[in-house]
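Structure assessment
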Amino acid sequence: MKRLSTVLMSFLVIINVLLCFRVLQQNKQINLFTSDNESKEELLMLISFILENSNRQINPFQELKIEGDTSTLRFLDLVTQPILFFYYNELSCDPCSDIELDKLDSISNIIGSENVFLLSKNSSFKDIYLLRRINSFRFRVALVDELINLPISNYPSNYYFVLDSNYVIKLFFVPVRKNQDLNELYYSQIIKQFDKVPVGT
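Residues numbered from 1 in each chain as written. Predicted model: local features only at pLDDT ≥ 70, side-chain atom pairs only at ≥ 80, totals over all residues. Heavy atoms only, no water.

1. What about the overall build of the chain?
Counted only if it meets this: Segments assigned H or I by DSSP are reported as helices when at least four residues long, segments assigned E as strands when at least two residues long, and all are numbered from the N terminus. For every residue, the accessible area obtained with a 1.4 Å probe (protein chains only) is divided by the maximum for its type, and the residue is called buried under 20%, exposed over 50%, and partly exposed between those limits. Note on contacts: a residue pair qualifies if any of its non-hydrogen atoms lie within 4.5 Å across the two residues. Here the Shrake-Rupley method, with its probe set to 1.4 Å, supplies the accessible areas, and only the displayed protein chains count as covering residues.
For the chain, the count of helices and strands is 6 helices and 7 strands. N-terminal to C-terminal, the α/β element order of the chain is α-α-β-β-α-β-α-β-α-β-β-β-α. Evaluated residue by residue, the chain yields a buried proportion of 41% over its 201 residues. Within the chain, residue pairs in contact and separated by at least 24 positions form 67% of the contacts whose partners lie at least 6 positions apart. Accessible area for the chain stands at about 11700 Å²; split by element, carbon and sulfur atoms hold 54% of it.

And the structure:
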């Protein structure tokens, strides 16, 4: 049974990758690779990180400190339906984080702020308070002491993922600094995932 589950999980990952490349082929305006060798290496590293963490199951008993709540919750208590998480890495460049936080706030207005969480490991609620004052976002914040079964990267970047009710990571994505078209494609997929459409479309 365990072997069958592993095979099925691997099959799903392969299907996800093929679908991503299919979408990229259909969107020819998205230039995935540039002539810059450094950019190519960066993209390959990010793609590897994405593949590594897609369909990973996290520990539902991982404890979280929720902003404005004195009690400690677990993913088990928090995730009863799919939730979009944005992992905020304080080592990421400030302009990069500001862009993503602004975009995430716009997304949360569409899919509902109750379906969005900012997740961070090294930040304090004081740091988050200052971050919120600068960026004026409305979604909730959760802090963790340790990233148990959560994606860890040596690359100082923020990342997104949807956690489903089985605590499995879906739609894992690292924003690409030099490819906003690719990032926008991901944002649109998130909105579709939550079955919402922007006002006026």
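After presenting the structure, the write-up continues.
2. Section: the packing of helix H4 (residues 94-111) against helix H6 (residues 180-193)
Put simply, the rule reads: Angles shown run from 0 to 180 degrees and are taken between the N-to-C directions of axes, each axis being a line fitted to C-alpha atoms and, for helices, limited to the stretch in contact. Angle categories: roughly parallel below 35 degrees, roughly antiparallel above 145, roughly perpendicular from 65 to 115, and oblique for all the rest. Each crossing is labelled by how the near helix is turned from the far one, with a counterclockwise turn of less than a right angle marking it left-handed and a clockwise turn marking it right-handed. Gly falls in the polar group here, along with every residue not listed as nonpolar (Ala, Val, Leu, Ile, Met, Phe, Trp, Tyr, Cys, Pro) or charged (Asp, Glu, Lys, Arg).
One can describe the packing of H4 onto H6 by two numbers: an axis separation of 10 Å at closest approach and a directional angle of 25°. In terms of orientation, H4 and H6 fall into the roughly parallel class. Along this stretch, H4 crosses H6, giving a crossing that reads as right-handed. Contact residues: H4 offers Glu100, Lys103, Ile107, Ile110 and Ile111, while H6 offers Asn183, Glu184, Tyr187, Ile190 and Ile191. Counted by class, the contact of H4 with H6 contains 6 nonpolar, 1 polar and 3 charged residues.

3. Here we look at the packing of aromatic side chains
Keep this limit in mind: By convention, a stacked pair of Phe, Tyr or Trp rings (six-membered ring in the case of Trp) has centres within 6.5 Å and planes under 30 degrees apart, an edge-to-face pair has planes over 60 apart, and any other such pair is tilted.
Per the counting criterion, the structure on display carries 12 aromatic pairs. Pairing phenylalanine 86 with tyrosine 160 gives two aromatic rings, centres 4.9 Å apart and planes at 55°, and the pair type is tilted. Residue phenylalanine 86 is found in strand S3 (residues 83-87), and its partner tyrosine 160 is found in strand S6 (residues 159-163); the two are separated by 74 residues along the sequence. Both residues of the pair, phenylalanine 86 and tyrosine 160, count as buried.

4. Focus: H4
For clarity, the threshold we go by: Expected span of a helix: the number of residues minus one, times 1.5 Å. In this description, one arc is meant: the one made by directions from the helix axis to the C-beta atoms.
In this model H4 runs 25 Å from its N-terminal to its C-terminal C-alpha over 18 residues, within 8% of the 26 Å that 1.5 Å per residue would give. Inspection of H4 places Ser97, Glu100, Leu101, Leu104, Asp105, Ile107, Ser108 and Ile111 among the buried residues, and these make up the whole buried set. Looking straight down H4, one finds its buried side chains confined to an arc of 165°; they lie on one side. Residues Pro95, Asp102 and Asn109 are exposed on H4 and point more than 90 degrees away from its buried face. A positive phi of about 100° marks glycine 112, the residue just after H4.

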